[in-house]
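Structural description and commentary
Here is what each chain is made of, one letter per residue.
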Amino acid sequence: MKKPYEKPVINKLRSGLMNKFGQSPAYARKVREDIDGVSIDDLVSQYGSPLYVFSEKTIQKKYHEMHSAFSTRYPNVVFGWSYKTNYLNAICAIMHREGAIAEVVSQMEYDKARSLGIAGKDIIFNGPHKPAAALEKAVIEGATINVDHLDEILDLERIGKKLKRKIDIGIRLNLDAGIYPQWSRFGFNLESGQARDAVKRIVQGGHLRVTGLHCHIGTFILEPSAYARQVEKMVKFGYELEEDFDFSMEYIDIGGGFPSRSRLKGVYLPPEVAVPNPDEYADEICEALTRALKPGDYPKLILESGRALIDEAGYMISTVVSSKRLADGTRAYVIDGGVNLLFTAYWFKFKIEMDREVGGMNEVSVVYGPLCMNIDAVDEAVQLPPLKPGTRLIFSPIGAYNNTQWMQFIEYRPNIVLISPDSKVDVIREAEDLSDIVRREKLPARLKLDNPK
Ligand SMILES: Cc1ncc(COP(=O)(O)O)c(C=O)c1O
């Protein structure tokens with residue numbers, strides 16, 4: 001067969017020798033022929049490319065690792081699955097089956113948890129926007145509500161008056177745990193006295209009762225000791241409130257933020273080295289609780305871990321559709337799934353594996369998605385050997401915050417499949433077609449085209 005003509009270029013070799021971080025070209029040249037025993041070939045021929053794949057086995061493993069790290073160190077632990085991290089019904093159902101309650105941050109997420117059969121009492125309702133109607137429903141259904149701001153307190157007081165009963169609430173705090181920039185836009189600030197003032201105001205109002213404290217210090221927190229600082233501050237504040245007001249510390253909700261084994265851009269060590277394991281977090285947190293709590297006090301410890309439980313269970317299989325040279329000589333590839341499907345590519349450098357052995361020199365290459373927009377680069381510099389169209393590239397870990405933040409932009413969104421522990425494959429979200437895109441559109445009669453060209 002005649003080979004396609006390609007203009008020769010003189011290109012400085014940047015073939016990526018072993019560097020001081022131990023990253024050899026071999027790192028970038030991993031071959032993955034299957035996911036949990038199902039071949040990449042079979043997956044693509046049955047479900048198409050691009051394709052999102054989740055591993056149930058990995059979810060179970062991650063959940064058990066994290067849950068046992070905490071439940072073996074503290075007697076009263078509850079996990080709330082952070083819906084926004086991944087609210088596919090099948091993923092939520094696995095988390096609930098493993099024992100997690102639901103943690104939601106909007107009316108939509110609340111409705112989703114309820115539609116899955118989760119009772120209100122097993123839902124934690126967080127977030128800065130809880131419309132009054134959603135709040136009232138959550139109150140009636142017995143959800144745990146952590147208030148974010150003063151206007152929400154006023155809304156809840158109105159609901160309390162209307163329902164003629166006192167409503168139990170938690171209060172969200174923001175505090176300095178040594179993580180910067182501090183997430184001070186959510187909840188009430190601890191150090192400035194704002195949180196204490198809010199509780200005083202709630203007590204004086206007479207319609208609400210504070211029963212818990214909530215705080216989420218950020219995401220991808222690589223420093224376990226930050227949680228120790230957070231927990232000590234929360235418990236100390238709780239005891240101050242117990243002393244001064246009608247308050248009993250029924251729960252301490254420390255949010256999520258635990259990292260996955262992903263490579264955050266700007267962190268040079270590989271994730272295997274940079275990311276502490278769940279036991280290191282549990283040690284810091286449970287030791288801090290033991291130090292800070294009075295003997296015999298065991299308020300419920302709630303964790304809202306999202307990313308750490310799901311990220312590594314997710315893969316995206318894509319296909320190389322073209323290989324080209326940019327004007328400066330850089331090798332570039334176009335693949336069929338881009339930032340429309342991998343929103344977190346802006347912050348994370350994914351592992352990229354190939355479905356087959358490929359010979360030839362590694363070269364620093366750019367990987368572009370399919371969008372006709374300059375923003376669509378999935379990786380700006382990755383060592384890859386010369387790839388032919390048709391080669392599959394497998395991206396991981398991509399299970400957190402991608403299929404909730406993905407964009408319906410230019411392309412259809414693909415199938416999502418789940419592989420069961422015994423290697424059965426189920427579609428858990430069907431690929432879109434044109435009917436999904438236009439379903440909510442209305443074309444005014446006067447714009448109907450009589451004689452379409
Ligand atoms: C209130 C709250 N809880 C839990 C989470 C989950 O965080 P992560 O996925 O980092 O564990 C978030 C994420 O921002 C959050 O805002």
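Just so we're clear, the structure is a prediction, and the values are computed from it rather than from any experiment.

**A few points about the overall build of the chain**
On a plain count of helices and strands, the chain comes out with 12 helices and 20 strands. Against the globule reference of 22 Å for 453 residues, the chain gives a C-alpha radius of gyration of 25 Å, in line with a compact fold. Considering only contacts within the chain whose residues lie at least 6 apart along the sequence, 70% involve residues at least 24 apart.

**Details of the site of the ligand**
Around the ligand, 15 residues are found, and the nearest of them are Thr-219, Gly-256, Glu-304, Gly-306 and Arg-307. Its residues assigned to classes, the shell around the ligand comprises 2 nonpolar, 10 polar and 3 charged.

**Digging into the domain arrangement of the chain**
Entries for the chain in the domain assignment read domain 1 (25-53 + 312-435) and domain 2 (126-305). Distance between the C-alpha centres of domain 1 and domain 2: 37 Å. Of the residues that constitute the side of domain 1 that touches domain 2, the class distribution is 4 nonpolar, no polar and 2 charged.

**With respect to the packing of helix α2 (residues 56-71) against helix α3 (residues 89-98)**
One way to put it is that α2 packs onto α3 with a least axis distance of 11 Å and a crossing angle of 40 degrees. Viewed along their axes, α2 and α3 adopt a mutual orientation that is oblique. For the element pair α2 and α3, the recorded crossing hand is right-handed. Seen from α2, the contacting residues are Glu-56, Ile-59, Gln-60 and Tyr-63; seen from α3, they are Ile-94, Met-95 and Glu-98. In the contact of α2 with α3, the residues fall into 4 nonpolar, 1 polar and 2 charged.

**Overview of helix α10 (residues 278-292)**
A rise of 1.5 Å per residue sets the reference length of α10, with its 15 residues, at 21 Å; its end C-alpha atoms lie 21 Å apart and thus fit the reference within 8%. Along α10, the positions that sit buried rather than exposed are Pro-278, Tyr-281, Ala-282, Glu-284, Ile-285, Cys-286, Ala-288 and Leu-289. At its buried positions, α10 is contacted by α2, α8 (224-244) and β12 (300-303).

**Looking at the pairing of strand β8 (residues 167-174)**
In terms of burial, β8 is a largely internal element, 6 of the 8 residues being buried. Looking at chain direction, strand β7 (residues 144-147) and β8 are connected through 2 bridges and run parallel. Residue Val-147 lies in a different strand from β8, and its bridge partner there is Ile-171. Following the backbone out of β7, through helix α6 (residues 150-163) and into the adjacent parallel β8, one traces a crossover that is right-handed. Relative to strand β10 (residues 208-214), β8 runs parallel, the two sharing 6 bridges. In the strand pairing of β10, Ile-171 is matched with Leu-213. The sheet contact formed by β8 and strand β9 (residues 188-189) spans 2 bridges and is parallel. Along β9, the bridge assignment pairs Leu-173 with Phe-188.

**Quick word on the nonpolar core**
Counting residues in hydrophobic clusters, the biggest one holds 116 residues, and the most contacted among them are Val-53, Ile-123, Ile-171 and Ile-285. Among the elements that make up this core, the one with the highest residue count is α8 (7 residues). Counting contributing residues per domain, this core is built from domain 1 (25-53 + 312-435) and domain 2 (126-305), each supplying no fewer than three. Beyond its immediate stretch of four places on either side in the chain, Ile-123 contacts Ile-101, Ala-102, Val-104, Tyr-110, Ala-113, Ile-118 and Ala-143.

**Let's talk about the pairing of strand β3 (residues 51-55)**
Summarising burial for β3: 5 of the 5 residues are buried, a large majority. Side chains Leu-51, Val-53 and Ser-55 project from β3 onto one buried face, and the interleaved Tyr-52 and Phe-54 project onto a second face that is buried too. One ladder, built from 4 bridges, connects β3 with strand β13 (residues 314-325); its direction is antiparallel. Residue Phe-54 lies in a different strand from β13, and its bridge partner there is Gly-314. By the bridge criterion, 4 bridges tie β3 to strand β19 (residues 416-419) in an arrangement that is parallel. Bridge pairing in β19 places Tyr-52 opposite Ile-416.

**Examining the environment of Lys-233**
With respect to the helices, strands and loops of the structure, Lys-233 is situated in helix α8. Each residue touching Lys-233, except ones within four places of it in the same chain, is listed here: Leu-175 and Leu-190.

**Considerations on the packing of α6 against helix α7 (residues 194-205)**
Running from amino to carboxyl end, α6 crosses α7 at an angle of 15 degrees, the nearest separation of the two axes being 11 Å. The angle between the axes of α6 and α7 places the two elements in the roughly parallel class. For α6 against α7, the interelement crossing comes out right-handed. Every residue of α7 that contacts α6 at Leu-150, Ile-153 and Glu-157 is listed here: Ala-198, Arg-201, Ile-202 and Gly-205. Its residues assigned to classes, the contact of α6 with α7 shows 4 nonpolar, 1 polar and 2 charged.

**A word on the environment of Gly-390**
Following the sequence through the fold, Gly-390 ends up in the loop between β17 (377-384) and β18 (392-396). In this structure, the C-alpha to C-alpha distance between Gly-390 and Thr-319, residues 71 residues apart in sequence, is 5.7 Å. Excluding its chain neighbours within four sequence positions, the residues that come into contact with Gly-390 are Thr-319 and Val-320.

**Quick word on unusual backbone geometry**
Looking along the chain, the bond that leaves Ser-49 and enters Pro-50 is cis, with omega of -5 degrees. Among the structural elements, Pro-50 can be located in the loop between α1 (40-47) and β3. In the segment running from Ser-396 into Pro-397, the intervening peptide bond is cis, with an omega of -10 degrees. With respect to the helices and strands, Pro-397 occurs in the loop between β18 and β19. The phi dihedral of Asp-36 falls on the positive side, at around 50 degrees, and the residue is not glycine. For Ile-410, which is not glycine, the phi dihedral falls at a positive 70 degrees. Summarising the element assignment, Ile-410 is placed in the loop between β18 and β19. The exposure class of Ile-410 is partly exposed, given the 13 C-beta atoms found within 10 Å.

Conventions we followed
- Residues numbered from 1 in each chain as written.
- Predicted model: local features only at pLDDT ≥ 70, side-chain atom pairs only at ≥ 80, totals over all residues.
- Helix = DSSP H or I, 4+ residues; strand = E, 2+ residues; numbered from the N terminus.
- Rg over C-alpha atoms; globule rule 2.2 N^0.38 Å.
- Contact = placed C-beta atoms within 7 Å.
- Near = placed C-beta within 6 Å.
- Nonpolar A, V, L, I, M, F, W, Y, C, P; charged D, E, K, R; others polar.
- Domains from an automatic or database assignment.
- Axes fitted to C-alpha atoms, helices over the stretch in contact; angles between N-to-C directions.
- Parallel < 35°, antiparallel > 145°, perpendicular 65-115°, else oblique.
- Left-handed = near helix turned anticlockwise from the far one by under 90°.
- Expected span 1.5 Å × (residues − 1).
- Buried ≥ 20, exposed ≤ 12 C-beta atoms within 10 Å, placed from the backbone.
- Pairing = 2+ DSSP bridges.
- Right-handed = clockwise from strand over helix to strand, strands pointing away.
- Core = buried A, V, L, I, M, F, W, Y, C linked by C-beta atoms within 7 Å.

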